[in-house]
Amino acid sequence: MTRANAYVLETSDAELDRLLRAADLLAPIAISAFRQAGLSVGSKAVDLGCGPLGALSALRRVVGDSGTVVGVDTSVAALATARQALDRLGVDDVELVAADINTLEPAQLGGDDFDLAHLRLVLMHQADPVGTLSRIARLLRPGGHLVALDFFAPPHLEPGLDAVDLAWDWVIGAMRARGASPDASRRYRELCDAAGFEVLSERGTFLPMPRPVIVDETILLLSGARRGVEAGGLATAEEIDDLLAELRAHQAGSGRAWSPQTIELIARKREPGTAGKPQVLATRPSG
């Protein structure tokens, strides 16, 4: 994932502090979803595509010392950063596994009896999200749950900033050019149905954030995706450099801002022989 690759280039104390602040900010949303999905003390959970931190600490808070938490990512460097971050939090009982979720076998994680699988900004990067979900279903016990969060719309700034809008257009265009699925959140129901899940809840999520943070994150995102932007024919190297310079000129700007909009999905693996209209949990409108 582009963001994970960018993150793992920085392993300083300051970067770890930033990751921990981000985890704290997102933890209440994640924990609410985990509990809504039935995760509790003693449960077994896996965070797929966890990157340099993911929701590992939030999962540990929910399952407690008697539960099991496993983090999976293709990047060994990202997992090393995750271990540093967990150590800073005093969490030493999370297993980290270097593996590709699209070839992952249950035996690599010790079995197919996980109660919950979590994916944050993962399905949107897959060429075949149905295939990815089908692979994940193999890790879950019958009736096990999936909690996913994927991109829906770019960040919103008031007053608006064209440079931010253009940067996001380029990055999303690069994802499409690589065959990724930036519209995965808009197709959750059809994807889940094809992969053997029933959707229980979908809700839109976003947070008010300091405007400079949104600009900084956009700089990081575009910097990490620049090869894909160039390869997709969306902009030249010079045009990317010019846009990054323009963004840096606005790093101290004032005004209001909100994080990128995402859709949170809670779904349940269908048990053998079950069919029919799915149960629906309490849902907030996504727009």
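Source: prediction; values computed, not measured.

Caption draft 1: Quick look at the environment of Ala163. Note that Ala163 resides in helix 6 (residues 162-177). Residues Ala163 and Asp242 lie 79 residues apart in sequence; the distance between their C-alpha atoms is 9.9 Å. In this structure, Ala163 is in contact with Leu243, Glu246 and Leu247, ignoring residues within four places of it in sequence.

Caption draft 2: Spatial organisation of a negative patch on the surface. Together, Asp162, Asp165, Asp169, Glu238, Glu239, Asp242 and Glu246 make up a negatively charged patch on the protein surface. When contributions to the negative patch are tallied by element, the ones reaching two or more residues are helix 6 and helix 9 (237-249). The greatest single-element share of the negative patch, amounting to 4 residues, is contributed by helix 9. Mapping Glu246 onto the fold places it in helix 9.

Caption draft 3: Local environment of the nonpolar core. Core analysis: the largest hydrophobic core is formed by 31 residues, its most contacted members being Leu48, Val72, Leu109, Leu146 and Phe197. Those elements giving two or more residues to this core turn out to be strand 1 (44-48), strand 2 (68-73), strand 4 (114-120), helix 5 (129-137), strand 5 (140-153), helix 7 (188-195), strand 7 (197-205) and strand 9 (261-269). In contact with Leu146, not counting residues within four places along its chain, are Ala117, Leu119, Leu133, Ile136, Phe197, Leu265, Ile266 and Ala267. Phe34, Cys50, Leu53 and Ala58 belong to the second-largest nonpolar core, a separate cluster that totals 29 residues.

Caption draft 4: Summary view of unusual backbone geometry. For the bond from Glu158 to Pro159, the omega torsion is -5°, close enough to zero to count as cis. Residue placement: Pro159 occurs in the loop between strand 6 (156-158) and helix 6. The residue Leu121 is not glycine, and still its phi comes out positive at about 55°. Within the fold, Leu121 resides in the loop between strand 4 and helix 5. For Leu121, a relative accessible area of 27% translates into the label partly exposed.

Caption draft 5: Local environment of helix 9. The terminal C-alpha atoms of helix 9, which comprises 13 residues, lie 19 Å apart, in line with the 18 Å expected from a rise of 1.5 Å per residue. Those residues of helix 9 not exposed but buried are Ile240, Leu243, Leu244 and Leu247. All buried residues of helix 9 project into a common sector of 100° when viewed along the axis, lining one side. Among the exposed residues of helix 9, those pointing more than 90 degrees away from its buried face are Glu238 and Ala249. Packing partners of the buried residues in helix 9 comprise helix 6 and helix 8 (211-231).

Caption draft 6: Expanded view of the pairing of strand 7. Most of strand 7 sits inside the fold, with 9 of its 9 residues counted as buried. Bridging between strand 7 and strand 9 involves 8 bridges; their strand directions are antiparallel. If you follow Glu198 over to strand 9, its bridge partner there is Arg268.

Caption draft 7: Molecular detail of the pattern of salt bridges. Here the structure, examined in full by the defined rule, presents 14 salt bridges. Here Asp113 ties to Lys44 by a salt bridge, and the two come within 2.6 Å at their closest N and O atoms. Of this pair, Asp113 sits in the loop between strand 3 (95-98) and strand 4 while Lys44 is found in strand 1, placing the two residues 69 residues apart along the sequence. For Glu230, the salt bridge goes to Arg226, with nearest N and O atoms at 3.8 Å. Of this pair, Glu230 and Arg226 both sit in helix 8, 4 residues apart, which is roughly one turn of the helix. A relative accessible area of 36% means that Glu230 is categorised as partly exposed.

Caption draft 8: How the structure looks around the packing of helix 6 against helix 8. Relative to each other, helix 6 and helix 8 sit at 35°, their axes nearing to 9 Å. As helix 6 packs across helix 8, the resulting crossing turns out to be left-handed. Packed against helix 6, whose contacting residues are Val164, Ala167, Trp168, Trp170, Val171 and Ala174, the element helix 8 presents Val215, Thr218, Leu221, Leu222, Ala225, Gly228 and Val229 at the interface. Each residue belonging to the contact of helix 6 with helix 8 can be placed in one class, and the counts come to 11 nonpolar, 2 polar and no charged.

What counts, and where the lines are drawn
Residues numbered from 1 in each chain as written. Predicted model: local features only at pLDDT ≥ 70, side-chain atom pairs only at ≥ 80, totals over all residues. Heavy atoms only, no water. Helix = DSSP H or I, 4+ residues; strand = E, 2+ residues; numbered from the N terminus. Contact = heavy atoms within 4.5 Å. Patch = residues over 30% accessible without salt bridge, like charges linked within 9 Å, V, L, I, M, F, W, Y side chains within 5 Å. Areas by Shrake-Rupley, 256 points an atom, 1.4 Å probe, with all protein chains shown as cover. Salt bridge = Lys/Arg side-chain N within 4 Å of Asp/Glu carboxyl O. Lys, Arg positive; Asp, Glu negative; His and termini not counted. Charge placed at Lys NZ, Arg CZ, Asp CG, Glu CD. Core = buried A, V, L, I, M, F, W, Y, C linked by side-chain atoms within 4.5 Å. Buried < 20%, exposed > 50% of the residue type's maximum accessible area, 1.4 Å probe, protein only. Expected span 1.5 Å × (residues − 1). Arc of directions from axis to C-beta. Pairing = 2+ DSSP bridges. Axes fitted to C-alpha atoms, helices over the stretch in contact; angles between N-to-C directions. Left-handed = near helix turned anticlockwise from the far one by under 90°. Nonpolar A, V, L, I, M, F, W, Y, C, P; charged D, E, K, R; others polar.

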